[in-house]
Amino acid sequence: DIGPGAPAPPMGAQATLGDAASGSRAAMARGFGRGRGAPGASAPPVDDEPDQQPAQFDAFQGGDAGIFAARKGEYDDDDREADEIWASVDDHMDSRRRDQREARLKAELEKYRKENPKITEQFADAKRKLQEVSYEEWDAIPDIGDYSIKKKKGGREFAPAPDTLLQKAMAERETSAYDDGAGSMNDAGNSSSGGVRNDLTAVGEGRSSVLGLKLDAMGDSVAGQTVVDPKGYLTSLSSVKVSSTSEISDVKKARLLLKSVISTNPKHAPGWIAVARLEELAGKISAARSFAQRGCDACPTSADAWLENARLNPPDVARAVLARAVVALPDDVELWIHAAQLEEDAVRKRRVLRKALERVPNSVRLWKAVVDLSEEDDAKILLARAVECCPQHVDLWLALARLETRENARVVLNKARETLPAEPQIWIAAAELEEAHLDPPLATATEATDLAGADILASVSERSNIVHKIIERAIKSLRNKGVSVDREYWLKEAETAEKAGSPLTCRAIVFATAGAGVDELDRKRTWKADAAEALARGSVETARSIYEVAVETFPGKKSLWVLYAKLEGDSGHYKKMDAVLKRAVKRCPRAVVLWLMAAKELWRRGDTSGARAVLEESFAANPESEDIWLAAFKLEFESRQIDRARALLLKAREKAAESNTTPSSGVKKNGAGERVYLKSAVVEREAGDVSAERALITEGLEKHGNVSWKLWLMLGQLERRVGAFDAARDAYAKGTRRIPQCAFLWIELAALETALGNHHKARAVLEQARLRQTAFGNTESGGETQGGVSAER
């Protein structure tokens, strides 16, 4: 313990200067200061010599110099003990989280070494592969062109410029536009100007004037014809590319690199081509041609080198270049094609291509090129020879069949089928050939598809069946040969045949391949998707054929018939649409939508009698269908046949009354539907019979008063129209009690009270309506509800 109450230390236990000078923790812990002993001890003598200089701190030795130098280097046991204690404390603090810190440092070191590998690690795998290099491969490695590259210094060497050169450069950089010729001396010591003042700006303007005079002189000749276009000349000058310093530097670097490439490996044709293109890019076309020619000389077996040389030269020189090229490489098709393209006359082109075919008779590209340039008779002869030289190319067989007559084309296609038994294009070409020679011929695809389904086969001659038989035999033969029938491929071929003007071939392909590889459960969905995709691509005949297959497979699916009919209607073939709907109602007589589509389509085209006949047939198939009765009513009502419309609605109500009670179940029905009574009341209102209208509305309310808010509205409007306001108020009030969620009834009741001047009653009605609407949860803003409109209205 240290302090006034602590026991006195033993005799001689004083803090020494060495303890303070060495910075010992034990000495500082004891708390003894400089020249200060324990309590009660006598103070050491003080040196009061006036001539002693104050101690100076030594930056190198620290506190061991100056006034603390008396115990320099002295280190006792207390100092050692204190240092050991503090060292143990440091070790303990360092041991905390040592594992986490070492793991983090190790991970950071591994990441750094992975991102920054050493050169030796990068080329370790390459060094291992060097042991596989043979002596011959070592000897084949080319030598570098410049052996002094390692001896070159990093910087450039410059020679000191003479003083005269520097003075001349300074004189040229003068910014003044005038040259004060006050007797400057030339090299011979004579005065050059003689005191004359020269205007350098005027000299530049004079040069521009001289250039303009020269252009004027070139633009007009004696004959009055323009020799040079001044504007065009100046435009061409402005289009000259001025390369920047960086671009010039890049070109120089690339030139040096490529020069090393062609000097170390002169047999490498891409190097010569790269040099030629570099010079072309730099604007040195002569140098580019020179390098291209040297490349041809060094690599005579490279077709790319010859083609590059021909490209850089004008046509006359290019012909000569390619003439030498075909001598060096007589079997290269590309050289012959370019040589023929350089010729301007078709006769000379054919001559070049025929020479090429003498050397390369199995090139399909050469045969197609020479056939395109030949007349029809010559093309037949050439194609006959082409199929002998290239029998495995179906395009040549098909081209020959197109040029031949029908009988000869059959022979050609039979030979092609024997040569290529697994090629479907031959069978399709045979089907198109038979379709093209139908008797009578079919001018357009529309004529071939005037009737739908199987009726189309009866609309043309019996030869149209041959097309279907050919495609069926094609599918069977290909399957026997092991060729899988790809449905997607055949549908694309069907679209191609349709665009080529062969609708029967298109239909035959779809009939034969639409169901290939399709699961029975997925056929309907798949065929719908196929027809939609075909329509999106504009292939109407293909989509029509797919729907035809679908309705024949699923005759009872009314959705397919609806899509089929819409296809015909959208494409403008109304007769075919009528035929499809006739077939549809025969296959699906209970499908009311099909009957309505058929009647509506006839009515839209003005055929009222035809629409009336269709609806009469639909009555026999669907006597209890309210939609058909209402459609017949609308037909007569729109035709202003009020009596016929009234009779139809009366018969509809009678039919509903007869079927009120079902004998088998004894279930009581409500008779005619709400819409029947609504339409009946409308007819009587148009006829002006108020009593009949009121009777029909009352009868309808007896059966549908809890659901038909429109009937309540019509009754209130009827009473208001005849002036019976109390009866109208009573009708509206009954309606609001029966159907309180209908906002229209409340609004009409409030409007009636307002019209009668009862504004307080109208306000009360609207408040009550708001509460009732809120109670029913009818508070959507502006949205329709079960009974009418929102309460906000």
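Residues numbered from 1 in each chain as written. Predicted model: local features only at pLDDT ≥ 70, side-chain atom pairs only at ≥ 80, totals over all residues. Heavy atoms only, no water.

**Observations concerning the confidence of the model for the chain**
For residues with low pLDDT, the predicted coordinates do not support detailed interpretation.
Stage number 1. Considering every residue of the chain, the mean pLDDT works out to 76; 72% of them sit at 70 or more.
Stage number 2. Per-element confidence in the chain ranges from a low mean pLDDT of 42 for helix 1 (residues 17-22) to a high of 93 for helix 14 (residues 303-312).
Stage number 3. Long-range and interchain partners of residues 779-793, a stretch whose pLDDT sits below 50, account for 28 contacts in this model, where long-range means more than four residues apart. (pLDDT = per-residue confidence, 0-100. Helix = DSSP H or I, 4+ residues; strand = E, 2+ residues; numbered from the N terminus. Contact = heavy atoms within 4.5 Å.)

**Looking at a positive patch on the surface**
Stage number 1. A cluster of basic side chains, namely K600, K634, K679 and K710, defines a positive patch on the protein surface.
Stage number 2. Inspection of the secondary structure assignment puts K710 in helix 38 (residues 709-722).
Stage number 3. For K710, a relative accessible area of 41% gives the class partly exposed. (Patch = residues over 30% accessible without salt bridge, like charges linked within 9 Å, V, L, I, M, F, W, Y side chains within 5 Å. Areas by Shrake-Rupley, 256 points an atom, 1.4 Å probe, with all protein chains shown as cover. Salt bridge = Lys/Arg side-chain N within 4 Å of Asp/Glu carboxyl O. Lys, Arg positive; Asp, Glu negative; His and termini not counted. Charge placed at Lys NZ, Arg CZ, Asp CG, Glu CD. Buried < 20%, exposed > 50% of the residue type's maximum accessible area, 1.4 Å probe, protein only.)

**Some points on empty space enclosed by the protein**
Stage number 1. Throughout the structure, instances matching the rule amount to 1 cavity of 30 Å³ or more.
Stage number 2. Its volume calculated, the largest cavity comes out at about 30 Å³.
Stage number 3. What lines the largest cavity is simply W272, I273, F291, A292, G295, A305, E308 and N309.
Stage number 4. Along the lines of polarity and charge, the residues of the lining of the largest cavity split into 5 nonpolar, 2 polar and 1 charged. (1 Å grid on protein atoms, 1.4 Å probe; cavity = no way out; pocket = protein on both sides within 12 Å on 5 of 7 lines; lining within 4 Å. Points joined across faces, edges and corners; volume = space filled by probe spheres on them. Nonpolar A, V, L, I, M, F, W, Y, C, P; charged D, E, K, R; others polar.)

**Concerning helix 20 (residues 394-403)**
Stage number 1. By the burial criterion, the buried members of helix 20 are V394, L396, W397, L398, L400 and A401.
Stage number 2. Looking at the packing, one finds that the buried side of helix 20 touches helix 18 (364-372), helix 19 (376-389), helix 21 (406-419) and helix 22 (424-436).

**A look at the nonpolar core**
Stage number 1. Core analysis: the biggest nonpolar cluster contains 132 residues, and L335, L366, W367, L396, L413 and L594 have the highest contact counts within it.
Stage number 2. Those residues within four positions of L396 in sequence are excluded, and the remaining contacts are V364, W367, K368, L383, A386, V387 and C390.
Stage number 3. Residues Y677, L678, I739 and V765 belong to the second largest nonpolar core, which totals 25 residues. (Core = buried A, V, L, I, M, F, W, Y, C linked by side-chain atoms within 4.5 Å.)

**Details of a nonpolar patch on the surface**
Stage number 1. Taken together, the side chains of I85, W86, V89 and M93 present a nonpolar region at the surface, about 380 Å² in accessible area.
Stage number 2. On the secondary structure map, M93 appears in helix 3 (residues 77-95).

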